[in-house]
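Understanding the architecture of this molecule
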Amino acid sequence: MGYSDIYAKWQADPEGFWMDAAGAIDWVQRPTRALNDSRAPLYEWFTDGMVNTCWNAVDRHVLAGRGAQPAIIHDSPVTGTKHVITYAELLDRVSRLAGALKAKGITKGDRVIIYMPMVPEALEAMLACARLGAIHSVVFGGFAAAELSVRIDDCKPKAIIAASCGIEPSRVVHYKPLLDGAIEMATHKPDFCVILQREQEVANLIDGRDLAWHSFQYGVEPADCVPVEGNHPAYILYTSGTTGAPKGVVRPTGGHLVALNWTMRAIYNCGVGDVFWAASDVGWVVGHSYICYAPLIAGSTTLVFEGKPVGTPDAGTFWRVIEEHKVKSFFTAPTALRAIKRDDPEGLLIKDYDTSSMQALFLAGERADPDTVDWAGRHLNVPVIDHWWQTETGFAIAANPLGLGLMPIKVGSPSVPMPGFDVRVLDEGGHEVSPGTLGAIAIKLPLPPGTLPTLWNAEDRFKKSYLSHFPGYYETGDAGYVDADGYLYIMARTDDVINVAGHRLSTGAMEEVLAGHKDVAECAVIGVADALKGQSPLGLLCLNKGVDRTPADVVAECVRLMREKIGPVADFKRAVVVDRLPKTRSGKILRATMVNIADGKPWKMPATIDDPAILDEITIALQSLGLAKS
Ligand code: COA
Ligand code: AMP
């Protein structure tokens, strides 16, 4: 059956469709029903099933005789090491780690924060939590201590598992002092921390709180899988919203297993023994779904890559990895390809490697610009498949499903909705617009299995953020249109979220940091177009009267403050001091107009503007940074 038939099959009987898909998962107790709508518009899937994620990702493959197959390949150009972990070894390592956590009192429902770089132990920590029914929350290494402390206070972990350090090409990231700082700042304190000591930097352990990864596991009884309910949270993953407080997206266990397993064959055309590589980070949703869980659930081999697209050592690294490990499906962010294209515009390094194992290149995380898609298609000679998804959904809302037979590719579009997603484009009043017309993209409820049922400890915020604007729909926060063939085009966010190098960041959170600077009276952060990273944050600062330091000094302090409060990942390097900010008569800052001016795009004078002359001042300020060229 091709895509259209499968989509129609889902439309005709959504519950039957997902019950069939659930058949590919090992349940301790099979669910009797797929959808639970007893609390609509809050929905759950597979509520009365009993299941364990780790069993499905590890144990069952060993039981099926595939213990000797590689489960994880770690390829780390930054440390110059490579190694392979088989499914049998993974089972041994994960059940011992789970046993040690259990011996220290971790049980079903306890939260565990994981703060680790791209090492296999990060996946093992996730799987060990899953084995016990503990709820993990992985925090990306590029976040600063303050961001980590916010997450500690929100999910209140009993334990934190971290590494001593991470390795960026230009520096060692000192995870342990960041962790210590975060715990110091947080009101909630974990019972204990487990530290993976890496040879690149051995951290000081705090007596009575910190335990070393290896000695902590010595002599423990390996733990068995703990069955959990289908709606039990598998993990919490924090993502940027409109305000500084991150949203804790909850991932339900049963739906996660069913949906991810379905996507591995239908979208990525991968199964047992195939090598799957998502060049992302375990700290992002792509890393959760497609570095850790989905490839292992499907019995594939997952590649954990600790390096960058360029500079480790050159723009040929990706192609070397594909050749060496015979990668079948490869997934990365457009920004990574733009970085490679910039260093190797003619794709000469691609020719040094045999990439013929690769059947397709998948892109997500940000809009895939046609230039980059064309370049990749031309030089790699495989279909380049853009697909659109969000932390909230955990898997693609729209894609071109390779495993169901590829649909025609339209460059600039992530193609068509996947089963489970009834995608509509709405105007402000909630009415559907005609094909080709831009609008807010919304998804008819219920969302499919595996998508967020709520936000951690914040049901009202969940309803307010996603369900209230368009009753009966989930509001994606993206704007775009659908064409006459039903292909989607995702053009921009409708909220204060920007996308920098495939990383989702909140301008609201950045404004909160700037507003905390003692000399800043008022500020705005906007995302301006960036040829490499898609968008780049830019601050506009109004200073308090009587500030006696130069604007350049204040800007430099703000840049430092952002790195300290949010982290290097914010990539906040530019700000400019202005006298006033443009506002509507009701006091709303005109951010979108400033973005258009900065990007040199046509813009209209907003009818509601308080004082049009301010926009001339803003234009001059932006021009001083080399922006606002018409
Ligand atoms: N731990 C600590 N710091 C990190 C980090 C991590 N895991 N990841 C990134 N950083 C730091 C970087 O070192 C950099 O710091 P600097 O300001 O001191 O140089 C800063 O965060 C910004 O990083 P980034 O935006 O990634 O820029 P870059 O110049 O280091 O690399 C690219 C540019 C394009 C190569 C890189 O952004 C990339 O590979 N992007 C792909 C992103 C991706 O896979 N996203 C997932 C969605 S699918
Ligand atoms: P994240 O939750 O970090 O995965 O970011 C999700 C957001 O990234 C989406 O809401 C979009 O704004 C953007 N995004 C992700 N994939 C795509 C894509 N293929 N095309 C356009 N935008 C995308």
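Reading the values: rules and limits
- Residues numbered from 1 in each chain as written.
- Chains lettered and ligands numbered in written order.
- Predicted model: local features only at pLDDT ≥ 70, side-chain atom pairs only at ≥ 80, totals over all residues.
- Heavy atoms only, no water.
- Near = heavy atom within 4 Å.
- Polar contact = N/O pair within 3.5 Å; in protein donor to acceptor, adjacent residues only side chain to side chain.
- Areas by Shrake-Rupley, 256 points an atom, 1.4 Å probe, with all protein chains shown as cover.
- Nonpolar A, V, L, I, M, F, W, Y, C, P; charged D, E, K, R; others polar.
- Buried < 20%, exposed > 50% of the residue type's maximum accessible area, 1.4 Å probe, protein only.
- Helix = DSSP H or I, 4+ residues; strand = E, 2+ residues; numbered from the N terminus.
- Arc of directions from axis to C-beta.
- Contact = heavy atoms within 4.5 Å.
- Pairing = 2+ DSSP bridges.
- Axes fitted to C-alpha atoms, helices over the stretch in contact; angles between N-to-C directions.

Not every one of the 25 residues close to ligand 1 is listed here, only the nearest: E168, R171, K533, R563 and K573. Note that a nitrogen atom of ligand 1 is positioned 3.4 Å from one of the backbone N or O atoms of G142. The backbone of P568 places a nitrogen or oxygen atom 3.4 Å from an oxygen atom of ligand 1. Here ligand 1, which alone exposes 940 Å², has 84% of that area covered by the protein. Taken together, the residues of the shell around ligand 1 break down into eleven nonpolar, six polar and eight charged.

When we look at burial in helix α18 (residues 613-623), the residues that qualify are I614, L615, I618, T619, A621 and L622. Angular distribution of buried residues about the axis of α18 spans 165°; they occupy a single face of the element. Turned more than 90 degrees from where α18 packs its buried face, D616 and I620 sit exposed. Elements in contact with the buried residues of α18: β31 (534-543), β32 (574-577) and α17 (591-598).

Turning our attention to the pairing of strand β9 (residues 159-163). For β9, the tally of buried residues reaches five of five residues, placing the bulk of the element in the interior. Summarising the sheet, strand β7 (residues 111-115) and β9 pair through four bridges and their orientation is parallel. The residue bridging I113 from the neighbouring strand is I160, located in β9. Where β9 meets strand β12 (residues 192-196), five bridges bridge the pair, whose relative direction is parallel. The residue bridging I160 from the neighbouring strand is C193, located in β12.

Pairing is antiparallel across the open sheet formed by four strands, whose spatial order is β24-β25-β26-β27. Looking at strand neighbours, the two that pair on one side only are β24 (423-426) and β27 (488-493), the edges of this open sheet. Across the sheet, the mean angle from the axis of one strand to that of its neighbour is 50°, orientation sign disregarded. Summarising the sheet, strand β25 (residues 439-444) and strand β26 (residues 473-482) pair through five bridges and their orientation is antiparallel. Following the sheet pairing, I443 is matched in β26 by Y474.

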